[in-house]
Amino acid sequence: MKRAIFPGSFDPLTLGHYDIIKRGVRLFDEIIVAIGINAEKKYMFSLEERKQFIVEAFKDEPKVSVVSYEGLTVDFCVKNDVEFILRGLRNPADFEFEKAIAHTNRDLAPIETIFLLTSAQTSYIASSIVRDVIRNNGDYTLLVPDSVRVK
């Protein structure tokens, strides 16, 4: 069984994340969307809200599960018998950053990183942009799945 983890903070889940997960489902038997917990980060949405956004977005997709974790992603993979890390690439800067992480991860554990290019329609979307739009009362709904709604 091919299992992949799609790690991130998902603060919030964007249409870019959604696209990568939907496409990843065709490649893997299971996609574990893993919300990383970083005590140093200030999040706009609570862990429970972020988890609920993802659970709701993929409620009809049995191959997608959602967990949270702390520590190194490769440690999570080894502990949970996950062989692949799924990552989305929006631009060349993403590639350079993700390449360094992928090489480091492979040095630490027998984990392969699989990169998918984001679709042209979502390649400009970043969670930081979505948060800025939300803070400034803009129409963020064009950037996120329907499950992401700010009260």
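Along every chain, residues carry numbers that run from 1 in the direction the sequence is written. Restriction of local features to residues with pLDDT of at least 70 applies here, the model being predicted, together with a cutoff of 80 or more for giving and counting side-chain atom pairs; totals for whole chains, interfaces and linings are based on all residues. Hydrogens are left out, water is left out, and the side-chain values use all remaining heavy atoms of the structure.

This part covers the pairing of strand E4 (residues 84-89). Think of it in three bands: with a 1.4 Å probe and only protein chains considered, a residue is buried below 20% of the maximum accessible area for its type, exposed above 50%, and partly exposed in between. Counting from the N terminus, the helices are the DSSP runs of H or I reaching at least four residues and the strands are the DSSP runs of E reaching at least two. In terms of burial, E4 is largely enclosed, as six of its six residues are buried. Across the two faces of E4 the burial is the same, with Phe84, Leu86 and Gly88 and Ile85, Arg87 and Leu89 all buried. As defined by bridge partners, strand E1 (residues 3-8) adjoins E4 across two bridges and the pair is classed as parallel. If you follow Ile5 over to E4, its bridge partner there is Ile85. Here a strand pair is declared whenever DSSP counts at least two bridges between the two strands. Summarising the sheet, E4 and strand E5 (residues 112-117) pair through six bridges and their orientation is parallel. Counted as the bridge partner of Phe84 is Glu112 from E5. Seen with its strands pointing away from the viewer, a crossover is right-handed when the path leading from the first strand over the helix to the second is clockwise. You can see the chain leave E4, run along helix H4 (residues 92-108) and come back into E5, and the turn it takes is right-handed.

Moving on to the side chain of Ser147. Tracing the sequence through the fold places Ser147 in the segment after helix H5 (127-135). With a relative accessible area of 18%, Ser147 lands in the buried category.

The quantity called pLDDT is the predictor's confidence in a given residue, expressed from 0 to 100. Residues of the chain with pLDDT of at least 70 account for 99%, and the chain-wide mean is 95. For the chain, per-element mean pLDDT is lowest for H4, which scores 93, and highest for strand E3 (residues 64-69), which scores 98.

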